[in-house]
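Chain by chain, the residues run as shown.
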Amino acid sequence: MAVSGAVAQEQASFPPSLDRGPLLSWLQRETDILPERVVAVTPQSITSVVSTFPAGGGQGPRVVIRAEALAPETYARTGSLSWHVSLNADCPGHRVRLGETTGYPQRNLLGERRILREADTEWRVPEAGTALDFAWRAACDAGFQGPFQTRSMKVVQADGAMATAAPASAPAPAPAAGAAEPPKASARPAPAKADPKPAVPKPAATPPVTAQSVTAQSATAAKRTGGPVAQIGSVTSDADARGLLRALGSRIGGRATWVEKAEVGGRTWFRAVVGGFGDSADANRFCAELKAAGRACLVRAGKSG
């Protein structure tokens, strides 16, 4: 752990400032997070929504959120550059309940995962103006706009739950001798493509999914009847749903992808779907790999074309 921590420290890249321009450039260069999915920026981390599951069956909405460390101190405290957690929202009561927080030593939820924080057993009321409060708003307020969707970007304060405490079983990695930057703490693994400075090979082989390929595959997918599919997210715009599919990159493995439109609870949702599985076991293996990487995935029956 000491060696891997030192390596991650040397490879980790942090934004030069939290001003809108430099931060946006860093976000697009070092992570696979879409700017429009970001819900909060704090001095410690940047938080985004990975997937949204609408309310239903007596339950409130649920969102899967992930974060990337923005300061060396964050990694120094937890030994993680990225992390993710599921958030259940009680919209009328302005309450949230967080699931288990899983951290990774590299950016983009890569590397060996470990538990940073146990799941909540009780509901909590997020403090106004914190990252946790903005995550609740993203789940409950249809008109919510993230920091990159507004004219002026605001840096907010971190909530204790979102800041992520260092795991008791694993001490924070010791700084490497002569290192310019100390390791980060708020769980955030090395980039999915490659760490900023080291040449970590990108998972290329299969060309990335583009808007055109998603559209082209939709025609084939629409003709499919029955068979299991993997739903990787449900969001409020077609563009965001296609963005979720593009973010899978080579993980799609040549399978068909498309977006389904659905009306749930008076709101329109766009479901990002992957199909073309041989059977349910194949679909479950695909989802298991995505979940292991901190992404949302649900196996269900496909709709007739």
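This text goes with the structure placed above it.
Remember, it's a predicted structure, so these values are computed and weren't measured experimentally.

Asker: Describe the pattern of salt bridges, listing the residues and the values that go with them.
Answerer: For the coordinates displayed, the defined rule picks out 12 salt bridges. Two residues, arginine 37 and aspartate 240, come together in a salt bridge whose shortest N-O distance is 3.6 Å. Highlighted residues: arginine 37 in the loop between α2 (20-30) and β1 (38-41) and aspartate 240 in helix α7 (residues 238-248), separated in sequence by 203 residues. Of the two residues, arginine 37 and aspartate 240, neither departs from the other in class, the shared state being buried. We note a salt bridge from arginine 107 to glutamate 68, for which the minimum N-O separation is 3.1 Å. Residue arginine 107 is found in the loop between β6 (101-104) and β7 (114-117), and its partner glutamate 68 is found in strand β3 (residues 62-69); the two are separated by 39 residues along the sequence. Residue arginine 107 shares its accessibility class with glutamate 68, and that shared class is buried. The network of salt bridges with common partners includes Asp32, Arg66, Glu68 and Arg107.

Asker: Summarise the pairing of β1; cite the residues concerned and give the values.
Answerer: The pairing of β1 with strand β2 (residues 45-53) spans 3 bridges and is antiparallel. Bridging across to β2, valine 41 finds its partner in isoleucine 46. Where β1 hands over to β2, the hairpin turn is made up of 3 residues, counted between the paired strands.

Asker: I'd like a rundown of the pairing of strand β9 (residues 257-264), residues and numbers included.
Answerer: Pairing between β9 and strand β10 (residues 267-274): 8 bridges, direction antiparallel. Note on β10: the bridge partner recorded for glutamate 260 is arginine 271. Hairpin remark: β9 followed by β10, antiparallel, with 2 residues in the connecting loop; positive phi at glycine 265, about 60°.

Asker: Which residues make up the packing of aromatic side chains, and what values go with them?
Answerer: Tallied over the full model, the rule gives 2 aromatic pairs. Residues phenylalanine 134 and phenylalanine 144 carry aromatic rings whose centres are separated by 6.2 Å and whose planes lie at 55° to one another, so their mutual orientation is tilted. With phenylalanine 134 in helix α4 (residues 131-140) and phenylalanine 144 in the loop between α4 and α5 (160-163), the pair connects residues that are 10 residues apart, well separated along the chain. Relative accessible area serves as the criterion here: at 13%, phenylalanine 144 is assigned to the buried category. Residues phenylalanine 277 and phenylalanine 286 carry aromatic rings whose centres are separated by 5.3 Å and whose planes lie at 55° to one another, so their mutual orientation is tilted. For the pair phenylalanine 277 and phenylalanine 286, a shared accessibility class is recorded, and that class is buried. Positioned above the aromatic ring of phenylalanine 53, the side-chain terminus of arginine 62 is 4.3 Å from the ring centre.

Asker: Lay out the side chain of serine 51 with the relevant residues and their values.
Answerer: Residue position: serine 51 is located in strand β2. By relative accessible area, which is 0% here, serine 51 ends up buried. Those residues in contact with serine 51, other than ones at most four positions away along the chain, are Arg37, Arg62, Val63, Val64, Ile232, Gly233, Ser234 and Ala296.

Asker: Can you explain the sheet that holds strand β8 (residues 228-235)? Please cite residues and give values.
Answerer: With antiparallel pairing, the 4 strands of this open sheet are ordered in space as β9-β10-β8-β11. Edge strands, defined here as strands with exactly one partner in the open sheet, are β9 and β11 (298-301). When the angles between neighbouring strand axes are averaged without regard to direction, this sheet yields 40°. Of the pairings in the sheet, the one linking β8 to β11 comprises 4 bridges and is antiparallel in character. Residue alanine 230 lies in a different strand from β11, and its bridge partner there is valine 299. Strands in contact with helix α8 (residues 280-292) are β8, β10 and β11; relative to β8, the strand with the most contacts, it is inclined by about 35°.

Asker: Give me the lowdown on empty space enclosed by the protein, citing residues and values where you can.
Answerer: Under the definition given, this model contains 3 cavities of 30 Å³ or more. Quantified by volume, the largest cavity comes out at close to 200 Å³. Residue lining of the largest cavity: 16 residues in total, with Val49, Val50, Leu244, Ala247 and Arg295 positioned closest to the centre. The dominant element in the lining of the largest cavity, judged by the number of residues it contributes, is α7, at 4 residues. Its residues assigned to classes, the lining of the largest cavity shows 10 nonpolar, 2 polar and 4 charged.

Asker: Outline unusual backbone geometry, listing residues and values.
Answerer: Its identity is not glycine, yet histidine 94 carries a phi of approximately 50°, on the positive side. Mapped onto the elements of the fold, histidine 94 is located in the loop between β4 (82-90) and β5 (95-98).

Asker: Which residues make up α8, and what values do they have?
Answerer: When the terminal C-alpha atoms of α8 are compared, their 18 Å separation across 13 residues agrees well with the 18 Å that a helix rising 1.5 Å per residue should span. If you check which residues of α8 are buried, you get Asp282, Ala283, Phe286, Cys287 and Leu290. Angular distribution of buried residues about the axis of α8 spans 135°; they occupy a single face of the element. Its buried side turned inward, α8 meets β8, α7, β10 and β11.

Asker: I'd love a proper account of the state of the cysteines, names of residues and values included.
Answerer: Inspection of the entire model under this criterion finds 2 disulfides. With its sulfur 2.0 Å from that of its partner, cysteine 287 forms a disulfide with cysteine 297. Torsion about the S-S bond of the cysteine 287 and cysteine 297 cystine: about -65°, corresponding to left-handed handedness. With a gap of 10 residues between them, cysteine 287 in helix α8 and cysteine 297 in the loop between α8 and β11 connect regions that are remote in the sequence. Each bonded cysteine of the protein gets a number by its place in the sequence, and the pairs then read 1-2, 3-4.

The rules behind each value
- Residues numbered from 1 in each chain as written.
- Predicted model: local features only at pLDDT ≥ 70, side-chain atom pairs only at ≥ 80, totals over all residues.
- Heavy atoms only, no water.
- Salt bridge = Lys/Arg side-chain N within 4 Å of Asp/Glu carboxyl O.
- Helix = DSSP H or I, 4+ residues; strand = E, 2+ residues; numbered from the N terminus.
- Buried < 20%, exposed > 50% of the residue type's maximum accessible area, 1.4 Å probe, protein only.
- Pairing = 2+ DSSP bridges.
- Phe/Tyr/Trp six-rings, centres within 6.5 Å; stacked < 30°, edge-to-face > 60°.
- Lys NZ or Arg CZ within 6 Å of the ring centre and 35° of its normal.
- Contact = heavy atoms within 4.5 Å.
- Axes fitted to C-alpha atoms, helices over the stretch in contact; angles between N-to-C directions.
- 1 Å grid on protein atoms, 1.4 Å probe; cavity = no way out; pocket = protein on both sides within 12 Å on 5 of 7 lines; lining within 4 Å.
- Points joined across faces, edges and corners; volume = space filled by probe spheres on them.
- Nonpolar A, V, L, I, M, F, W, Y, C, P; charged D, E, K, R; others polar.
- Expected span 1.5 Å × (residues − 1).
- Arc of directions from axis to C-beta.
- Disulfide = S-S within 2.5 Å.

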